[in-house]
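Descriptive structure summary
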2 protein chains.
Amino acid sequence: MHRKPSREGVQAAAARVADEVIRTPLLPVEIGGRRLWVKAECLQQGGSFKLRGATNRLALLDAEERARGVVAFSSGNHAQGVALAARRLGVAATIVMPADAPAVKRDATLAAGARIVAYDRATESREEIGVRLAAESGATLVPSFDDVDVIEGQGSVGIEIAEQMRAATGELPDKVLVCCGGGGLSAGIALALPEAEIVTVEPEGWDDMARSLEAGEPVPVAPDAPATRCDALQTRLVSPLTLGALAASGARGVWVSEEEVADAMAFAARHLRLVVEPGGAVALAAALAGKGGPLTERTVVVLSGGNVDPAVYAEILASRASG
Amino acid sequence: MHRKPSREGVQAAAARVADEVIRTPLLPVEIGGRRLWVKAECLQQGGSFKLRGATNRLALLDAEERARGVVAFSSGNHAQGVALAARRLGVAATIVMPADAPAVKRDATLAAGARIVAYDRATESREEIGVRLAAESGATLVPSFDDVDVIEGQGSVGIEIAEQMRAATGELPDKVLVCCGGGGLSAGIALALPEAEIVTVEPEGWDDMARSLEAGEPVPVAPDAPATRCDALQTRLVSPLTLGALAASGARGVWVSEEEVADAMAFAARHLRLVVEPGGAVALAAALAGKGGPLTERTVVVLSGGNVDPAVYAEILASRASG
């Protein structure tokens, strides 16, 4: 039987990746007259938390596995995380990426030295392509969330949050609002912070983690889910590993609208001086819209990632500039 | 005879303000294939380094002086720094601000609880207004750069840079590119980092620090200096205090064009996920344009501040989005 991700695993992963990732700052923010905290993970190398899980996963490969390379499928952020982690370890990386992924993510993945294989999001299965590539080359497949080592690596965000809040206030977080696609980051944070209430945040119509937590089993996204700018959160089915860890922690999920996401991106630019992509802004959107329940002085909102095509970003900011 | 700002003074100021300011991150950045460092001071509370000098200055006021309040004149960032420092200490703050200051800076200063007195940049003297207000109320004038305690407070940026780079690499910075208006930040950093080469960066036509360093005495900005988006750097005459500290360190100055500034703002958004105002982006602009001389692995580029009107920011990003 495979092991499940655990708090001890997260702590070990946090120690393992500490020298390889940026310890992103925990910044104060005022929302509705109350001061709470933002974990600015969009400042991570590659622009998102994905470097953490990838670094932890790759660090655990043996020399023979490293020599055969790694394969990952990703709309972009996981791609960059794997590419950067692989480059540092001298491992060849192949990334299976949708043809409509934001150019900013594709370019950065290429810049990190990875090979990209494009696929059609509507007609092809990235999972099948990834598995085939891995089988052909003997490369190791690095899943974006359905993997114990990846989940535990992402959980290092939670370990840092606890250390940083304790250093700043002497206390631990009591609530964390966190963006959720497949749930790797949220599950890792739930394991890292067992005393905190975890609220996963997803785009409207893509709130399958919220529904899965309610149902007690994975519930897929409806086939007719609306379009969303949150390309990083377009995951159609969560994993038993991530759902299990979140359910065990008593987590619940909420969703935000595209308009609320745009408001949050403008707020982050103006008040936090941070560039956040749509999928990375959902937790802040929930906090601003009052959707995550009451905010406290020990609430942490996770911001990640920060990879948004410049033209789209400029357009969103312009739409909010007159406000 | 008044004392001059000193390295010991900067070290004392850094210890004094440490618990009151954000220890902003030192982030890796790749420019032209070389990895160097960015001090992301735009993440400071109030969006710029100005909180540091104001906090140091106000912390040194006695109870009687605090009761009479403080007055400052500023185009915006110093205003916010003084307003935030004053609010924390329970001191009343009056800010003399040009009527054409960016709304984002005016609004944030009001939000921090300060009173604003507007003046016409073309016809009125903010110095005269500030001095008159201070004389009338007995309030203490907090200069934006021509003040030993303010300069030493800003120098805490340099102390942090040294500590952070040493922690990350075991080495000290050998070069710092830094935005320069009146020179408070650059002078403080020069005192904090005597072993580093300091390069001040100013907007085109406003490079009076560069010319003053060449001439060995304060040289004012020409009356017909071109318009610049760098509102934070529109200082017409440097101070003997800042010039003296910079000259003693062997600093030199360079200038960047408005186009180079816009390029740097777009680069910061895309590659660093940081919102930087025009005046805060000049040092990065110089690094990207190769104007600060050869870059090394121990070079630090200071980014500060991050207060730009959203419409202007969106327009600048849009102008660079097709590139």
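Residues numbered from 1 in each chain as written. Chains lettered and ligands numbered in written order. Predicted model: local features only at pLDDT ≥ 70, side-chain atom pairs only at ≥ 80, totals over all residues. Heavy atoms only, no water.

Once that is clear, we can look at the interface of chain A and chain B. By a widespread convention, an interface's size corresponds to the accessible area lost as its parts come together. Every contact between the two is made by 30 residues of chain A and, on the other side, 30 residues of chain B. It is L43, R270 and R273 of chain A that lose the most area in chain A upon contact with chain B, and together they represent 31% of the buried surface on that side. Taken together, chain A and chain B are joined by four salt bridges. With a closest N to O distance of 3.4 Å, D107 of chain A and R270 of chain B form a salt bridge. On inspection of chain A and its partner chain B, the count reaches six residue pairs in polar contact (both at pLDDT 80 or more). Looking at the side of chain A that touches chain B, the elements with two or more residues in it are β1 (26–31), α4 (77–89), α5 (103–111), α12 (258–272) and α14 (310–321) of chain A. If one sorts the elements of the side of chain A that touches chain B by residue count, α14 of chain A sits on top with seven residues. Of the residues belonging to the side of chain A that touches chain B, the class tally is 18 nonpolar, seven polar and five charged. (Contact = heavy atoms within 4.5 Å. Buried area = accessible area lost by both parts, 1.4 Å probe. Salt bridge = Lys/Arg side-chain N within 4 Å of Asp/Glu carboxyl O. Polar contact = N/O pair within 3.5 Å; in protein donor to acceptor, adjacent residues only side chain to side chain. Helix = DSSP H or I, 4+ residues; strand = E, 2+ residues; numbered from the N terminus. Nonpolar A, V, L, I, M, F, W, Y, C, P; charged D, E, K, R; others polar.)

In this section: the environment of G290 of chain A. Tracing the backbone shows G290 of chain A in the loop between α13 (282–288) and β10 (299–303). Distance in space between the C-alpha atoms of G290 of chain A and I31 of chain A is 9.9 Å, their sequence separation being 259 residues.

On to helix α11 (residues 240–248) of chain B. One full turn of an α-helix is made of 3.6 residues, so residues set three or four places apart face in the same direction. Residues and elements named next belong to chain B. Within the span of α11, buried status applies to T242, L243, A245 and L246. The buried residues of α11 all sit within an arc of 165 degrees when viewed along its axis, so they share a single face. Facing away from the buried side of α11 by over 90 degrees, the exposed positions are P240 and A248. Tucked inside the fold, the buried residues of α11 contact α7 (148–154), α9 (184–192), β8 (197–203) and α10 (208–215). The residue sitting at the N-terminus of α11 and contributing the capping side-chain oxygen is S239; that oxygen lies 2.9 Å from the backbone nitrogen of L241. Residue G250 follows α11 closely and has a positive phi angle near 80 degrees. (Buried < 20%, exposed > 50% of the residue type's maximum accessible area, 1.4 Å probe, protein only. Arc of directions from axis to C-beta.)

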